Amino acid sequence: MPAWDRRPTSQLAKQREAAVRTQVVDAVAPFSPFWRARLKSLGRTATQSSTLDGLSQLPAVGERDVCPDGDPAGAAALVLQAGESGFALHAQGPVLRRALARRLARPGTYRAVVEADTRPTSYVWAGQGLRFPVASTRSDLDLVARAGARLWQLLGLTGADVVVSGLPTLPTASVQALQLGALGAGAPLLAPGDDVDDLAAALKLVPVTVLALPSATAATTLDDLDDLGVDLSALTTLLLVGAPYDDERAGVRAALTRIGVPDRCLVLAAHVPDGHRLAWAECRESAGRTGLHTYPDLDLVQMVDPETGEAADRGAREVVVTQLGFRGTALLRWRTGDVADNVTADPCPSCGRTVPRVVGLRSGALVPLLALRNGTRAVDVRAVAGALVGRADVQDFRIVLGPSARDGADEVIVHVVPPAAADPSDVAVAVARDVRAAAGLLPTQVVVAADGVLPTDGAPVSRRVLQR
Ligand SMILES: [Zn+2]
C-alpha cells in the first residue's frame, strides 16, 4: 500500500468512509452525552449520520452550542463516557480482540487496555469566546504523536534538526502537538517558553536549526533575539505556529533579512484549529504556497456557511473538523472559527501528497479579538450574526468591526434594515437585547438603515462582516 500521504484519492475516500462510520456509530453517537442528545433532538440515528453525506447534513456545532450559557463545564458533554462496559462496544476490532484475550489470562491488563482507550488522562485548553478543557486518552496522545512524526516529514525535518519552541508554556493543543510530535519523530525539542531572555539563553546553548514562534508575535521576537546577540544564521526553518496572515508572514520574512538569516531559511506554518489536537502544516517543497496539509485518516475537514452552520460549497467559509479515532473529547463537525477559501483534495502541486489541503486559511477570523472601551475580548461574530439571521423585524443587516475615529477603541456596530411597517427604535432595542443574549456583549451601536443602503445585500457573514 502506498504511504499515508500518497494514496490515490479514491482509496483515501474509501478509508475515510469507513473511519467516519466507526467514529460515529461505535464511539460518538453511543458515548458522547452531547451528541446522543443532539441526534435525538434532530430526529436522526447514528447510522443515518455515519456516511459522508449523512454527516454533512448535521448542522455544525461550536463552543456556544456546547456551552450555551458560557459555562465551560458544558464541554464535558463532548467527552466520551464509555468505561469497561462500553469498551467492548466501541473499541476497534484488533484492540478489542487483544484486550479480550488478556481479560482471560490477566484481568489487570484488560483494565489497563480499557483505560488507555477510554479514560482521559490529560487536558489542554481551547476556546475562543470562552475557555474550555479538551480531554485526551492515552490512545489519543498516541494519535497526536503519530501525526507529529508526519508533521516533521511534511516540514522536511530530520532527526538531526534541533527544534527550539518559543511558544508560551501554556497547556494548549499547539504546545502538545509540538512536544508529542518531537517524541513521535524522535527529534530533539527544547521549549523554554516565550520569555525572550529564557529563549535567548536556550538558543545560545544548542545549535538550533528550527525555531517555532507564535505567528502573531514572531517578527518582534526575532528582532528582540537579535538585540540580545543571538546568532540565528544556522536556521533552516522558521515555523510559524497559528496560521499567519499574509502581513505577519511578510513581517517575519523582513525580520529574518534584517537580522541576517540567509534566504535558504524557509518560513512554514503549522496550525491546530481550535478544539482539534493535530497540527496541520505547509510542506517544505511548497515553501508555504500550497496551503495546510491535513491527515485524512485522522480528521475530516469540511466547510460551512458561517451564518447558519450548514453545508455550503462556495466562497470563503468556516472550517469544520470531524476527528477520526479520537476517544476523549470527540468532535463531529466542530466549528473552528477559522475561515478558508477552500479545502481541496487535488494532489499538492509542490510535493504531490494526496492529502486534503486547506487553502487561504484565516485563523480565528470569526472570533476576532477586539479592544473595546470596556476591555479586550474575543467577539464571536457568528453569535452576533446568529441573533440577526431569520428575524421578522430585520430584512438585512451588516456588522462593522473596527476602531472608532474618536478614540481608536474597537467598536461593534450593527446596521439593520427593518421592514417598512416596523418601529425603528423598537427594532434597535430588540436587536441589541438579542445580540447580548447570543454573543454576551451589547453592540456599541445599532444603526437602523433605510432599505437599499446596505451594500452587502445577502452576502454570507464572512463578507457581511466588515473590518473597518
Ligand atoms: Zn505539499
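If you're wondering where the values come from, they're calculated on a predicted model, not measured in any experiment. (Residues numbered from 1 in each chain as written. Predicted model: local features only at pLDDT ≥ 70, side-chain atom pairs only at ≥ 80, totals over all residues.)

**Overview of the overall build of the chain**
Step number 1: Along its length, the chain carries 15 helices and 20 strands.
Step number 2: Rg of the C-alpha trace for the chain: 23 Å, near the compact-globule value of 23 Å for 468 residues, within the 12% margin.
Step number 3: The C-alpha extent of the chain, read off along each of the three principal axes, is 75 × 60 × 40 Å.
Step number 4: Put simply, 68% of the contacts in the chain that link residues at least 6 apart link residues at least 24 apart. (Helix = DSSP H or I, 4+ residues; strand = E, 2+ residues; numbered from the N terminus. Rg over C-alpha atoms; globule rule 2.2 N^0.38 Å. Contact = placed C-beta atoms within 7 Å.)

**Observations regarding the environment of Trp4**
Step number 1: In this fold, Trp4 is placed in the segment before helix 1 (9-31).
Step number 2: With residues up to four places along the chain from it excluded, the contact list for Trp4 reads Arg150 and Asp297.

**Here's the deal with the packing of helix 8 (residues 138-154) against helix 9 (residues 173-185)**
Step number 1: Following both chains from N to C, one finds helix 8 and helix 9 inclined at 75°, their axes separated by 7 Å at the closest point. Put simply, helix 8 runs roughly perpendicular to helix 9. For the pair helix 8 and helix 9, contact is made by Leu141, Val144, Ala145, Arg146, Gly148, Ala149, Leu151 and Trp152 and by Gln176, Ala177, Leu180, Gly181, Leu183, Gly184 and Ala185, respectively.
Step number 2: Its residues assigned to classes, the contact of helix 8 with helix 9 comprises 10 nonpolar, 4 polar and 1 charged. (Axes fitted to C-alpha atoms, helices over the stretch in contact; angles between N-to-C directions. Parallel < 35°, antiparallel > 145°, perpendicular 65-115°, else oblique. Nonpolar A, V, L, I, M, F, W, Y, C, P; charged D, E, K, R; others polar.)

**Comments concerning the domain arrangement of the chain**
Step number 1: The domain architecture assigned to the chain consists of domain 1 (9-120), domain 2 (133-359) and domain 3 (369-467).
Step number 2: Inter-centroid distance (C-alpha atoms) of domain 1 to domain 2 is 27 Å.
Step number 3: Contacts between the two partners involve 28 residues from domain 1 and, on the opposite side, 29 residues from domain 2.
Step number 4: Broken down by secondary-structure element, the contributors of at least two residues to the side of domain 1 that touches domain 2 are helix 1, helix 3 (52-56) and helix 7 (107-118).
Step number 5: Here the side of domain 1 that touches domain 2 takes 10 residues from helix 1, the largest share from any one element.
Step number 6: A class-by-class count of the residues in the side of domain 1 that touches domain 2 yields 18 nonpolar, 7 polar and 3 charged. (Domains from an automatic or database assignment.)

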